[in-house]
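# Structure assessment
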Amino acid sequence: MRSFTVLLFIAALLLGGATFLTAHDPADLEFVPNLDRFALTAAYRRGGEVERANLEAELTPIPGADDNAVQLVRDIDGDGDPDEIHFHLEVVEIQEEVYPGEYVTFWVFAPLGTAMTSPARLPSPTLRVEEGDIVEITLYNTHYLPHTIHLHGTSQDNNMDGVPHMTNEEVQPGHAFTYRFVAGKPGTFWYHCHVQDQIHPSMGLAGMLIIEPNRPNNNFAHLVPGAGRITSMSKATREQYQNEYSLVYMDIDDHLNRIPAAYSDPREIEKRMHRDYDVTQAKSNIFLLNGRSFPFTLRDSPILVKPDELTKLRVLNIGPRSIFLHTHGHHPTLTDLDGYPVPKEAQITRDVFDVGPGQRADLALHTGSDGYYAAGPGVWLVHDHAQPAATNKGINPGGDHTAIIYDGFLGDDGLPKDPTGHASHEPYFNPDYYKGKVPVFDPKIFGTTLENYEKGWPTTAPAGGNFDYPKREDNLAPLPRLDLIDAERHKPVANSCQTPVRSKQRIVVKAGTAYAREGEVYAFEPRELHVERCAEVEIVMENTDEIRHDFMIPGLNPIFALNVVGPKTISGSFVTPDEDVTLFLHCHMPAHDKVGMMGKLIVGKGGPMKVISRLASPPTISKSYEGVGTVVGALPRTGRLIVDHEEIKGFMAAMQMSYAVTPPSLLNGLNAGDKIQFTIDGANSTITSIRVIEYIK
Ligand SMILES: [Cu+2]
């Protein structure tokens, strides 16, 4: 598989050629960069296995992202790696299952998506550039509130600082802005939205920015979705370290995150989040490492090591309180603070490192059995020692727990082995555990069962009267699940026309903020499209915004979609069904429909709309469906699969979709291009089994 992919890249590189352009529109993705792609093949031709893998990582498209989401523009000094990097980022509202059963809404910066998918995840992606690189980050504000990007710790011009009440106006919904800077000295930095900055970074609009030391032929992946293990380490890091991890800590009060999940009116969301909600009264209740809490952290963010290695840990704290990072059995050494090196003689070695809000600490983790730096192989807990952070809403074990896992201590299912096998992790993957519905200790000890837990014990009044202590909130109603709404909305509900086309129609649809009404942000104009049965309909979509819109009629079979970035007009055609039916149409960009960008396709006399159009929980139908498709990306660390599938009868039209996979070990060994058959649980929109029909050669 790997060698095949490399050959493909080489072929693509050789065909790519070089074209010179002096200027380009930041929103125009079709310009051809003048990178001498042939020069890049030097790493492949002359380098070793690591160089080839790193070049591959640099050139591999991000699963689910537009091919141009990260543009390698120019190799200015001719040293075999690109020195001008252009990132294209959108703002996406997502819902993440942060621990079993807990779905939380976030906003993230995400690489520009495609017609069918967005590779959005929490935290916002780790961006990596080289010292001296010319860096451009185009922010497409695809969200319903204003945002900016502030580059924290790096040196940029004042008018690129992204602070709305100081230097830069907010980037309004529907607009784009390109931040430009030259990467200064190497180190660990970060970037975040600076609009309503008591709220927006905590909603997920923050990620790590790494400036790597300059070296010739320094190839590496410039955008790592989320954070965690960095597989394509830069040359300078490889000179000293065997492994590298970005660890992004963030704690949240989910009362805030519930607001955008519960409302679709941006005015309501604005007022509740920025006027009613008082962050000075907030108390964190969910503690995240790389966007997840225990037990998912074990699967997503293990620190994998071998004895006698040196591992670089880049720690960033996005949350509103300090973290106190404790590495069991190990004493790392502090090498850098806030992107600046700590002088050798001042480098301290300890077992708890405090990292305040906004700060970064780079640690060198020695592994082995010397009894000074490291206590020997095994599975060693790594956690924020502030006690609440050991829990998921007060229930332990939870929070930002992960582990240093030595070679040989990782099971086939991607979870650490322990002396009792996996039995000790299993209870925590049960959502009931974090609802407080599982007794703490083995019933054999006190005879506690769920039944008598809930009934209580006959007791007399407590000595000293009734207590007033902080209690778990267990009365919060579950919020609508975006993935289930999404699945519901994409069900094919109309049959295709079986006779020859009987008429032709052409409809111009305008798309953008300009057509929004009160209480909306984005809209189509017109919103009701009247068409004949068995007609060939050409949709001409005029996008008047600087961002991406994705006109989609999901009920048609096959789905019809028109995806366009920036102010452009595109068109496409479909054939209407031979029945009187009303179909839901929307912009497929996450949350655009909720803030106004939806409408109806009325075929013939029309009929009742068969899908939910407003934010509500769809009915749950416990049914399994069989699907066939091609793997676009297997993401074991997030337990998701992006698959380009054929129609799944009764469940989903043919499209490219990202689905949760349970257990995530089903993803082991899958490669992009593999043809698979899979079973999907309709109630949870989750893939529960995968069989490979044909492996990619
Ligand atoms: Cu849109």
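To start, this report covers the structure provided alongside it.

Reading the values: the criteria
Residues numbered from 1 in each chain as written. Predicted model: local features only at pLDDT ≥ 70, side-chain atom pairs only at ≥ 80, totals over all residues. Heavy atoms only, no water. Patch = residues over 30% accessible without salt bridge, like charges linked within 9 Å, V, L, I, M, F, W, Y side chains within 5 Å. Areas by Shrake-Rupley, 256 points an atom, 1.4 Å probe, with all protein chains shown as cover. Salt bridge = Lys/Arg side-chain N within 4 Å of Asp/Glu carboxyl O. Helix = DSSP H or I, 4+ residues; strand = E, 2+ residues; numbered from the N terminus. Phe/Tyr/Trp six-rings, centres within 6.5 Å; stacked < 30°, edge-to-face > 60°. Buried < 20%, exposed > 50% of the residue type's maximum accessible area, 1.4 Å probe, protein only. Lys NZ or Arg CZ within 6 Å of the ring centre and 35° of its normal. Polar contact = N/O pair within 3.5 Å; in protein donor to acceptor, adjacent residues only side chain to side chain. Donors = N, O, S within 2.8 Å, 3.2 Å for Na, K, Ca; no water. Arc of directions from axis to C-beta. Contact = heavy atoms within 4.5 Å. Disulfide = S-S within 2.5 Å. Pairing = 2+ DSSP bridges. Axes fitted to C-alpha atoms, helices over the stretch in contact; angles between N-to-C directions. Core = buried A, V, L, I, M, F, W, Y, C linked by side-chain atoms within 4.5 Å. Parallel < 35°, antiparallel > 145°, perpendicular 65-115°, else oblique. Nonpolar A, V, L, I, M, F, W, Y, C, P; charged D, E, K, R; others polar.

## Focus: a nonpolar patch on the surface
On the surface, Val440, Phe441, Ile445 and Phe446 cluster together to form a nonpolar patch covering roughly 470 Å² of accessible area. In this fold, Phe446 is placed in helix α9 (residues 443-446).

## Description of the packing of aromatic side chains
Across all of its chains, the model carries 14 aromatic pairs by this definition. Relative to Tyr434, the ring of Tyr433 lies with its centre 5.0 Å away and its plane at 75°, an arrangement referred to as edge-to-face. Taken individually, Tyr433 and Tyr434 each receive the classification buried, so the pair is uniform in this respect. Ring plane angle 75° and centroid distance 6.2 Å describe the contact between Phe551 and Phe560, whose orientation is recorded as edge-to-face. In this structure, Phe551 and Phe560 share a single accessibility class: buried. Looking at Lys471, its charged tip hangs above the ring of Tyr469, at a distance of 5.0 Å from the centre.

## Remarks on the side chain of Lys594
Among the secondary structure elements, Lys594 is positioned in the loop between β30 (581-587) and β31 (598-603). A polar atom in the side chain of Lys594 sits 2.5 Å from the backbone oxygen of Pro260.

## Topic: the coordination of the copper ion
Coordination of the copper ion by the protein involves His549 (ND1), Cys587 (SG) and His592 (ND1), with metal-donor separations of 2.0 to 2.1 Å. The sequence pattern describing where the donors of the copper ion fall on their chain is H-x37-C-x4-H. Of the two residues, Cys587 and His592, both sit in the buried class.

## Structural notes on helix α6 (residues 266-276)
Restricting attention to buried positions, one finds in α6 the residues Pro266, Ile269, Met273 and His274. Take α6 and look down its axis: the buried residues cluster within an arc of 85°, on one side only. Its buried side turned inward, α6 meets β3 (102-111) and α5 (254-262).

## Remarks on the environment of Arg350
Mapped onto the elements of the fold, Arg350 is located in the loop between β18 (340-341) and β19 (352-355). Exposure remark for Arg350: the relative accessible area of 36% places this residue in the partly exposed category. Measuring from C-alpha to C-alpha, the distance between Arg350 and Gly204 comes to 30 Å, with 146 residues separating the pair along the chain. Within the local environment of Arg350, its side chain forms a polar contact with the backbone oxygen of Val352, the two atoms lying 2.9 Å apart.

## Things to note about the state of the cysteines
Applying the stated criterion to the full structure yields 1 disulfide. Two residues share a disulfide in this structure: Cys497 and Cys534, whose sulfurs sit 2.0 Å from each other. Here the disulfide of Cys497 and Cys534 is right-handed, its torsion about the S-S bond being about 105°. Of this pair, Cys497 sits in the loop between α11 (482-489) and β23 (503-512) while Cys534 is found in the loop between β25 (528-531) and β26 (535-543), placing the two residues 37 residues apart along the sequence.

## Structural notes on the pattern of salt bridges
This model, assessed by the stated rule, comprises 36 salt bridges. One salt bridge in this structure joins Glu90 and Arg548, with 2.6 Å as the shortest N-O distance. Taken as a pair, Glu90 in strand β2 (residues 84-99) and Arg548 in strand β27 (residues 548-553) lie far apart in primary sequence, 458 residues in all. The same class applies to Glu90 and to Arg548, which are both buried. Its salt-bridge partner being Asp265, residue Arg267 comes within 2.8 Å of it at the nearest N-O pair. One salt-bridge network, in which partners are shared between bridges, spans Arg128, Glu212, Glu244, Lys312, Arg314, Asp336 and Asp362.

## Focus: the sheet that holds strand β32 (residues 624-635)
Spatial ordering of the closed barrel is given by β32-β33-β34-β36-β35, a layout of 5 strands whose pairing is mixed. For this sheet, the mean angle separating the axes of adjacent strands, direction not counted, is 45°.

## Here we look at unusual backbone geometry
Of the consecutive residues Asn396 and Pro397, the connecting peptide bond is found in the cis state with omega at -5°. Inspection of the secondary structure puts Pro397 in the loop between β21 (379-384) and β22 (402-406). A cis geometry characterises the amide bond from Glu525 onward to Pro526, with omega recorded as 0°. Secondary-structure assignment places Pro526 in the loop between β24 (523-525) and β25. For Asp308, which is not glycine, the phi torsion reads 60° and is therefore positive. In this fold, Asp308 is placed in the loop between β14 (303-305) and β15 (310-317).

## Examining the nonpolar core
One finds Ile539 and Phe551 to be the most contacted residues of the largest nonpolar core, which totals 76 residues. Residues in contact with Phe551, not counting those within four places in the same chain, are Val509, Phe524, Leu529, Ile539, Met541, Phe560, Ala561, Leu562, Leu585 and His586. Counting 32 residues, the second-largest nonpolar core is a separate cluster that includes Val108, Trp190, Phe294 and Ile395.

## Considerations on the packing of α5 against α6
At a closest axis distance of 9 Å, the pairing of α5 and α6 adopts a crossing angle of 170°. Relative to α6, α5 is oriented roughly antiparallel. From α5, Leu256, Ile259 and Pro260 reach across to α6, where they touch Ile269, Arg272 and Met273. In terms of residue class, the contact of α5 with α6 is built from 5 nonpolar, no polar and 1 charged.

## Re the pairing of strand β4 (residues 126-130)
Most of β4 sits out of view: 5 of its 5 residues are buried. Residues Thr126, Arg128 and Glu130 point to one face of β4 and Leu127 and Val129 to the other, with burial holding for every one of them. Pairing of β4 with strand β10 (residues 223-224), which is carried by 2 bridges, proceeds in the antiparallel orientation. Paired with Thr126 across the bridge in β10 is Val224. Both β4 and strand β9 (residues 206-212) contribute to a ladder of 4 bridges, which runs parallel. Across the sheet, Leu127 pairs through a bridge with Leu209, a residue of β9.

## Observations concerning the sheet that holds β24
An order of β24-β23-β26-β29 is seen for the 4 strands of this open sheet, with the pairing classed as mixed. The two strands at the open ends of the sheet, each matched to only one other strand, are β24 and β29 (569-575). Between one strand axis and the next, the sheet turns through 25° on average, direction left out of account. Bridge count for β23 against β26 is 9 bridges, and the pairing is parallel. What sits directly across from Ile507, in β26, is Ile539.

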